[in-house]
Amino acid sequence: MKTFKNFIAGAWVEPSSGDYFDNVNPADTTDIIGRFPLSSKADVERAVASARKGFSRWSRTPAPARGDVLRKAGDLLVARKEEIAELMTREMGKPLTETRGDVQEGIDTAYYAATEGRRLFGHTVPSELRAKWAMSFRRPIGVCGIITPFNFPLAIPTWKIFPALLCGNSVVFKPAEDVPHTGTVFVEILLEAGLPPEVIQLVHGAGETGAAIVDHPDVPAISFTGSTDVGSIVGQTCGRMHKRLSLEMGGKNAMIVLDDADPELALEGVLWGAFGTTGQRCTATSRLILQSKIHDNVLGALVDRAKAMRLGDGRKKGTDVGPLINDASRAKVERYVDIGQAQGADLLCGGKRPDSKSLEKGFFFEPTVFAHVTAGSRLEQE
């Protein structure tokens, strides 16, 4: 089994604690991708200290030159698109059709951010005082702590990190513990593209590692993507410490279908919205609101299509739905199936682990549809 390292102070290093965790393929738990560092507060301290040095150099690099580095990163992502999609599917489960799109979002973000290196405009403004001339210009903030989730292992880090780097900031990056391999490859690409080593720091780990980044007084800007509960805690900490903060948290999204809608188009939208990424998105369609005239027909067609969706390893042709990310996530889904039935909703399909022996090594769960869900019930609200 391969053992991976953090990237701190310009070098690939072991965690100070000597502790590691296994990165498991959620479609086949006997497939261990590697051992990754379980970083401590001491590792974060070293990373932040190095990032401050990197910031001093990078912030004085002309913005167009910073953009050139990101453009090169985009070129490298293009060249390695299929390889990265493959390793991402192995690591977090969603089908290759989705992970290819994930990489493409990173490519698009690289090229978009690169062009902004020539558009960091300031302003000249009329002064209200005689013999005074007023202007404004943009300055980078400092060290940015970037904490990202498992569901878009490359796209979301690029959304956050590329703009931060383009504007002259340095970064301490902690990917979700379920997708450390993708995070490692992303940092390798940035370094190959010419990013000065101390500008990017990679610290793997769990919630304690992320908390150490959020709490650090020398990290003035935080980006967190994850659960609403954790995001609320991050928000409180950043508010108390007067940090710049970007939060992207959970949702409870509804699709509304009226009786004049194209039924096939609506059905495709519901299926993709609800079961794409195995439903593990803040934008997932978890509620469907149907006008009464079309209710029965659309619901019947949805159940038929949901039952026909093929579960499996996302790297295999024909797979529609991959596994959930880990056993805790599957147990949570099972709890909500019980809650929905206890509160009187009708389970129309799914609601259980698949019977297939070929799927028993993964965290699979059948696509599930409830009907007659009461407004205000937990299933409808949470």
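Residues numbered from 1 in each chain as written. Predicted model: local features only at pLDDT ≥ 70, side-chain atom pairs only at ≥ 80, totals over all residues. Heavy atoms only, no water.

*Asks:* Looking at this model, I keep getting lost on the overall build of the protein. Mind explaining?
*Replies:* Broken down by element type, the protein carries 12 helices and 15 strands. On C-alpha atoms alone, the protein measures out to a radius of gyration of 23 Å, which is about the 21 Å that the 2.2 N^0.38 rule sets for 382 residues. Referenced to the eigenvectors of the C-alpha coordinate spread, the extents of the protein come out at roughly 70 × 60 × 40 Å. Within the protein, buried positions represent 48% of all 382 residues. For the protein, restricting intrachain contacts to residue pairs at least 6 apart in sequence, the fraction spanning at least 24 positions comes to 72%. (Helix = DSSP H or I, 4+ residues; strand = E, 2+ residues; numbered from the N terminus. Rg over C-alpha atoms; globule rule 2.2 N^0.38 Å. Buried < 20%, exposed > 50% of the residue type's maximum accessible area, 1.4 Å probe, protein only. Contact = heavy atoms within 4.5 Å.)

*Asks:* Explanation requested: the nonpolar core in the structure shown.
*Replies:* If you look at soluble globular proteins, the nonpolar side chains tend to sit buried side by side. Membership of the largest hydrophobic core comes to 43 residues, with the highest contact counts inside it found for Phe162, Leu165, Val171, Phe173 and Leu190. Among the elements of the structure, helix H2 (63–79), helix H3 (81–92), helix H4 (96–115), strand S7 (143–147), helix H5 (155–166), strand S8 (170–174), helix H6 (180–192) and strand S9 (200–202) are those that each provide at least two residues to this core. With 6 residues, H4 is the single largest residue contributor to this core. Core analysis: the second largest hydrophobic core is formed by 23 residues, Ala27, Ala266, Leu290 and Val298 among them. (Core = buried A, V, L, I, M, F, W, Y, C linked by side-chain atoms within 4.5 Å.)

*Asks:* Sorry if this is basic, but what is going on with the packing of helix H9 (residues 263–275) against helix H10 (residues 292–308) here?
*Replies:* Angle between the axes and distance between the axes are the two parameters that describe a pair of packed helices. Between H9 and H10, the shortest axis-to-axis distance is 10 Å and the interhelical angle comes to 50 degrees. Comparing their axes, H10 and H9 come out oblique. Considering how the two elements wind past one another, H9 and H10 form a crossing that is right-handed. Of the residues in H10, those in contact with Glu264, Leu267, Glu268, Val270, Leu271 and Phe275 of H9 are Val298, Ala301, Leu302, Arg305 and Ala306. For the contact of H9 with H10, a count of residues per class yields 8 nonpolar, no polar and 3 charged. (Axes fitted to C-alpha atoms, helices over the stretch in contact; angles between N-to-C directions. Parallel < 35°, antiparallel > 145°, perpendicular 65-115°, else oblique. Left-handed = near helix turned anticlockwise from the far one by under 90°. Nonpolar A, V, L, I, M, F, W, Y, C, P; charged D, E, K, R; others polar.)

*Asks:* How should I be thinking about helix H11 (residues 327–342) in this particular structure?
*Replies:* Residues lying three or four places apart along an α-helix face the same way, a consequence of the helix completing one turn every 3.6 residues. In this model H11 runs 23 Å from its N-terminal to its C-terminal C-alpha over 16 residues, within 8% of the 22 Å that 1.5 Å per residue would give. Buried within H11 are the following residues: Arg330, Val337, Ile339 and Gly340. Along its buried surface, H11 packs onto strand S14 (346–349), strand S15 (369–371) and helix H12 (378–381). With a side-chain oxygen positioned 3.3 Å from the backbone nitrogen of Ala328, the residue opening H11 is Asn326. Where H11 terminates, the next one or two residues include Gly344, which has phi positive at roughly 95 degrees. (Expected span 1.5 Å × (residues − 1). Polar contact = N/O pair within 3.5 Å; in protein donor to acceptor, adjacent residues only side chain to side chain.)

*Asks:* Explain the state of the cysteines to me, please; I cannot follow it from the model alone.
*Replies:* What is meant by a disulfide is a covalent connection between two cysteines, made through their sulfur atoms. Enumeration according to the criterion identifies 0 disulfides in this entry. With no disulfide of its own, Cys144 lies 8.8 Å from the sulfur of Cys167, the closest cysteine sulfur. The thiol of Cys238 is not disulfide-bonded; the next cysteine sulfur, from Cys144, is found 12 Å away. (Disulfide = S-S within 2.5 Å.)

*Asks:* So what exactly am I meant to see when it comes to the packing of aromatic side chains here?
*Replies:* In this description, an aromatic ring pair is defined by two values, namely the gap between the centres and the angle between the planes. Summed over all chains, the structure comprises 6 aromatic pairs. Ring geometry for Phe4 versus Phe36: centroids 4.3 Å apart, planes at 5 degrees, classification stacked. With a gap of 32 residues between them, Phe4 in the segment before strand S1 (6–8) and Phe36 in strand S4 (residues 32–37) connect regions that are remote in the sequence. Taking relative accessible area as the criterion, Phe36 reaches 0% and is therefore assigned buried. Summarising the aromatic geometry, the rings of Phe162 and Phe186 are spaced 5.6 Å apart at their centres and angled 70 degrees between planes, so their arrangement reads as edge-to-face. Separated by 24 residues along the polypeptide, Phe162 in helix H5 and Phe186 in helix H6 bring together distant segments of the chain. In this structure, Phe162 and Phe186 share a single accessibility class: buried. Through a chain of ring-to-ring contacts, the aromatic side chains of Phe4, Phe21 and Phe36 assemble into a single cluster. Its guanidinium or amino end placed over the ring of Phe152, Lys94 lies 4.0 Å from that ring's centre, counting from NZ or CZ. (Phe/Tyr/Trp six-rings, centres within 6.5 Å; stacked < 30°, edge-to-face > 60°. Lys NZ or Arg CZ within 6 Å of the ring centre and 35° of its normal.)

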